[in-house]
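# Remarks on the overall topology
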Amino acid sequence: MSSESYWLDTAPAFGLGQAGPVEGQVDVAIVGGGFTGLSAARALAMKGARVAVFEAGRVIGEASGRNGGQCNTGVAQDYAALSAKLGPAQARAFYQAYEHAVASVDDIVRSEAIECNYQRNGKLKLAAKPEHFAGLATTYELIRREVDADVELLSAADVRDEVDSDQFHGGLLQRNGVQMHVGRFGVGLADAAARKGALIYENAAVSQWQANAGGYQVHTARGTVQAGQLLLASGASQVGDLNWYRRRMAPVGSFIVVTEVLPKEVLAKLLPAQRSYVTSRIIGNYFRVTPDNRLLFGGRARFAMSSPRSDAKSGEILRAALAQMFPQLAKVRIDYCWGGLVDMTADRLPRAGQHNGIYHSMGYSGHGVQMSVHMGRVMADVMDGNTAANPWHELDWPAIPGHFGKPWFLPLVGAYYRLQDHLH
Ligand SMILES: Cc1cc2nc3c(=O)[nH]c(=O)nc-3n(C[C@H](O)[C@H](O)[C@H](O)COP(=O)(O)OP(=O)(O)OC[C@H]3O[C@@H](n4cnc5c(N)ncnc54)[C@H](O)[C@@H]3O)c2cc1C
């Protein structure tokens with residue numbers, strides 16, 4: 001069994017990185033070579049800016065190359081709850097931001113001709129308990145009325161035709177969701193940014209920066225550069241001078257297993273529509289079929305950080321959950337098991353804008369494949385003076401009380417969510 005991400009293991013290598021030291025002057029320095037940083041670099045280069053991306057490891061080596069490969073419309077949290085909290089107009093705007101985000105991915109895939117098994121198969125949210133179906137029905141009514149006429153409510157019997165498992169009590173189908181090979185997409189995005197003139201430095205962790213008359217002096221593991229503007233596309237990384245941001249997000253481990261290649265007949269019976277699937281529990285699961293006919297099955301198996309030991313333990317929990325949901329797959333071999341960090345904000349909405357003159361976009365809360373790509377483009381406009389382009393610009397961002405940079409409270413949050421799943 002490999003502990004590498006399936007996506008990274010089956011993607012081509014990125015070969016257009018910069019050799020030699022980091023030096024000289026650029027208009028924009030970007031910290032982080034995930035989807036946010038690469039998409040921003042591409043968009044800024046298209047505007048004619050001299051832009052450099054500094055990536056601590058390899059491009060898309062973290063969340064962008066380690067996720068579930070689901071690129072869905074709709075908000076991460078329950079729409080009815082969001083609408084009750086923020087009001088219909090704001091909830092609608094945030095919902096639509098995710099539609100715009102999927103459209104951004106679509107546009108980049110097409111205009112850069114990225115071969116990434118891009119398919120609009122939709123997302124099906126599965127009710128894990130009868131009472132969850134009632135919740136999905138309320139959400140369905142509201143979404144249909146307020147923001148998206150293209151959703152569908154599926155009964156338990158309809159869902160049995162979609163998913164060959166007896167565990168579900170109905171579902172909510174959002175037809176515009178997309179899935180893709182995120183490794184191939186990410187390398188295609190990095191290639192596109194480099195071809196448009198962005199300088200991409202791998203193994204170039206940014207340790208610190210100092211403001212000066214010309215902008216920022218940015219110190220990396222491969223040298224120092226002078227940049228007019230600075231964009232943090234790093235997430236709540238433990239590398240570098242990011243404590244202000246760390247205190248505002250909880251990085252939670254999310255884990256994935258991928259099976260051996262399954263016979264086409266087995267998959268045709270198991271998941272005939274090959275959508276992206278998520279279950280309705282708080283500590284739930286997500287799954288989809290890979291381009292080469294494996295089942296990818298993930299979840300927030302444990303409230304812990306990702307590490308080789310943590311990933312392996314989580315892999316066992318996921319294997320058991322997979323066997324419970326699909327007893328017919330209890331004996332399949334698991335070929336990949338890995339983990340990654342999801343940066344959760346307190347309200348599960350992203351944060352983007354400026355703090356002390358430095359730009360940032362992060363905190364996608366597990367719903368960031370589409371939004372990170374989109375926000376890269378949006379931040380290029382924001383850094384060009386168009387603040388209103390940023391759908392999140394009016395959100396404040398207080399520190400999480402008691403969070404001083406290391407998320408000591410994760411086991412408590414996990415215990416609380418497990419209790420909620422048990423009770424509701
Ligand atoms: C297991 C898992 C499953 C997920 N599943 C889904 C899904 O199915 N659908 C969905 O929509 N979202 C999903 N997500 C979330 C999604 O992957 C992320 O929101 C998105 O990829 C974030 O992109 P990013 O570029 O902002 O961050 P990242 O991809 O994490 O990139 C940040 C980069 O910054 C670099 N970096 C950090 N600090 C420094 C520094 N000081 N100097 C230089 N470089 C630095 C890191 O090495 C990293 O490469 C999942 C995430 C995980 C972990």
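Refer to the structure printed above.
Residues numbered from 1 in each chain as written. Predicted model: local features only at pLDDT ≥ 70, side-chain atom pairs only at ≥ 80, totals over all residues. Heavy atoms only, no water.

## Points about the overall build of the protein chain
- When helices and strands are tallied, the protein chain shows 12 helices and 18 strands.
- Here the protein chain has a C-alpha radius of gyration of 21 Å; the compact-globule value for 424 residues is 22 Å, and the two agree.
- Oriented by its inertia axes, the alpha-carbon framework of the protein chain measures out at about 65 × 45 × 45 Å.
- Partitioning the intrachain contacts of the protein chain with sequence separation of at least 6 by distance along the chain shows that 73% fall at a separation of at least 24.
- When the accessible surface of the protein chain is summed, it comes to about 17,100 Å², and 51% of that surface belongs to carbon and sulfur atoms.
- Averaging the locations of the 41 positively and 39 negatively charged side chains of the protein chain gives two centres separated by 4 Å. (Helix = DSSP H or I, 4+ residues; strand = E, 2+ residues; numbered from the N terminus. Rg over C-alpha atoms; globule rule 2.2 N^0.38 Å. Contact = heavy atoms within 4.5 Å. Areas by Shrake-Rupley, 256 points an atom, 1.4 Å probe, with all protein chains shown as cover. Lys, Arg positive; Asp, Glu negative; His and termini not counted. Charge placed at Lys NZ, Arg CZ, Asp CG, Glu CD.)

## Focus on the nonpolar core
- In this structure, Ile30, Phe185, Ile200 and Trp392 are the most contacted members of the largest nonpolar core, which totals 78 residues.
- The greatest single-element share of this core, amounting to 10 residues, is contributed by helix H4 (residues 88-111).
- The residues contacting Phe185, other than those within four sequence positions of it, are Phe35, Val105, Ile108, Val109, Ile114, Cys116, Met180 and Val373.
- Counting residues in each nonpolar core, the second largest holds 27 residues, with Val163, Tyr277, Phe326 and Cys337 among its members. (Core = buried A, V, L, I, M, F, W, Y, C linked by side-chain atoms within 4.5 Å. Buried < 20%, exposed > 50% of the residue type's maximum accessible area, 1.4 Å probe, protein only.)

## Observations concerning the layout of surface pockets
- In this structure, the second largest pocket occupies an estimated 350 Å³ of space.
- Lining of the second largest pocket is provided by 16 residues; of these, Arg281, Ile283, Asn285, Ala321 and Gln324 occupy positions nearest its centre.
- At 5 residues, helix H10 (residues 308-325) tops the list of elements feeding residues into the lining of the second largest pocket.
- Considered class by class, the residues forming the lining of the second largest pocket number 8 nonpolar, 6 polar and 2 charged. (1 Å grid on protein atoms, 1.4 Å probe; cavity = no way out; pocket = protein on both sides within 12 Å on 5 of 7 lines; lining within 4 Å. Points joined across faces, edges and corners; volume = space filled by probe spheres on them. Nonpolar A, V, L, I, M, F, W, Y, C, P; charged D, E, K, R; others polar.)

## Focus: the pairing of strand S17 (residues 351-355)
- Buried residues dominate S17, accounting for 4 of its 5 residues.
- Linkage of S17 to strand S18 (residues 358-362), two consecutive antiparallel strands, is achieved through a turn of 2 residues, within which Asn356 is found at a positive phi near 50 degrees. (Pairing = 2+ DSSP bridges.)

## What about the side chain of Thr290?
- The topology assignment puts Thr290 in the loop between strand S14 (285-289) and strand S15 (295-299).
- A polar contact of 2.6 Å, which involves the side chain of Thr290, links it to the side chain of Asp292. (Polar contact = N/O pair within 3.5 Å; in protein donor to acceptor, adjacent residues only side chain to side chain.)

## Structural notes on the packing of helix H2 (residues 35-46) against helix H7 (residues 182-195)
- Closest axis-to-axis distance for the H2/H7 pair is 8 Å, and the angle between their directions is 35 degrees. As for the relative orientation of H2 and H7, their crossing is left-handed in sense. Between H2, through Phe35, Leu38, Ser39, Ala41 and Arg42, and H7, the contact on the second element is made entirely by Val182, Phe185, Gly186, Leu189, Ala190, Ala192 and Ala193. (Axes fitted to C-alpha atoms, helices over the stretch in contact; angles between N-to-C directions. Left-handed = near helix turned anticlockwise from the far one by under 90°.)

As far as function goes, none of this settles anything; it's purely spatial.
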